[in-house]
Amino acid sequence: MGIRSASHAARWITIGATVLLAPLAMAAGRAPTAQECAAHPTNPAVQGGCIVINRKLGNCMACHVIAGTTMDGNIGPQLKDLRAHFPNKAALFAQVYDPTMNDPHTAMPPFGKDRILTKAQIREVVDFLWTL
Ligand code: HEC
């Protein structure tokens, strides 16, 4: 391979990596940072993560370990692999909206039923949880 074609190939590799990594840079698999919350105001999965870690909204890390947070709540299970635990987003929405439907004695607050979060907020929370 000549020098020109080598640098040509390197450029395409760089472009390919940028294209592949761009969506991953937005919070997939972990809670977003404050900068990411500000930088992606219309991305539902990012904004859902911002709601989850907001102490006046979800405050979910008070009870759950969530990648990207350090509070390490241990009242509930770690939030991860939720696509394996719930058949679809609707079932996950139901768990956040009203967990007493799955377990009448749960310690988890019914975020939708008690109007702690709106349905729109819970939809974003679910989009975020689906990335974990
Ligand atoms: C006061 C503690 C508490 C808070 C706050 C809390 N949870 Fe929970 N959560 C629990 C407990 C306990 C469970 C275990 C199952 C049950 O009791 O319903 C649970 C279970 C879950 C599950 C099912 C996990 C699985 O793998 O099956 C999800 C999803 C979940 N919580 C999401 C959330 C989200 C999102 C928030 C914030 C909006 C939140 N929780 C806030 C206590 C809490």
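See the structure printed just above.
From a predicted model like this one, the values you see are computed outputs, not experimental measurements.

**Looking at the packing of helix 5 (residues 89-97) against helix 6 (residues 119-129)**
Then step 1. Relative orientation of the contacting elements helix 5 and helix 6 amounts to 120 degrees, with a least axis distance of 9 Å. Between helix 5 and helix 6, the interaxial angle falls into the category oblique. Our pair here, helix 5 against helix 6, has a crossing hand that is right-handed. Contact residues: Lys 89, Leu 92, Phe 93, Val 96 and Tyr 97 in helix 5; Ile 122, Arg 123, Val 125, Val 126 and Leu 129 in helix 6.
Then step 2. Residue composition of the contact of helix 5 with helix 6, grouped by class: eight nonpolar, no polar and two charged.

**Points about the site of the ligand**
Then step 1. Near the ligand lie 26 residues; those nearest to it are Gly 58, Cys 60, Cys 63, Gly 76 and Thr 106.
Then step 2. Elements supplying a minimum of two residues to the shell around the ligand: helix 4 (82-85), helix 5 and helix 6.
Then step 3. It is helix 5 that provides the largest number of residues to the shell around the ligand, a total of three residues.
Then step 4. Tallied by class, residues from the shell around the ligand come to 17 nonpolar, eight polar and one charged.

**Considering helix 3 (residues 44-53)**
Then step 1. Counting buried positions along helix 3 yields nine of ten residues, so the element is predominantly enclosed.
Then step 2. All buried positions along helix 3 are accounted for by Ala 45, Val 46, Gln 47, Gly 48, Gly 49, Cys 50, Ile 51, Val 52 and Ile 53.
Then step 3. In this structure, the buried residues of helix 3 make contact with helix 2 (34-39) and helix 6.

Rules used throughout
Residues numbered from 1 in each chain as written. Predicted model: local features only at pLDDT ≥ 70, side-chain atom pairs only at ≥ 80, totals over all residues. Axes fitted to C-alpha atoms, helices over the stretch in contact; angles between N-to-C directions. Helix = DSSP H or I, 4+ residues; strand = E, 2+ residues; numbered from the N terminus. Parallel < 35°, antiparallel > 145°, perpendicular 65-115°, else oblique. Left-handed = near helix turned anticlockwise from the far one by under 90°. Contact = placed C-beta atoms within 7 Å. Nonpolar A, V, L, I, M, F, W, Y, C, P; charged D, E, K, R; others polar. Near = placed C-beta within 6 Å. Buried ≥ 20, exposed ≤ 12 C-beta atoms within 10 Å, placed from the backbone.

Read these as spatial facts, not as claims about activity.
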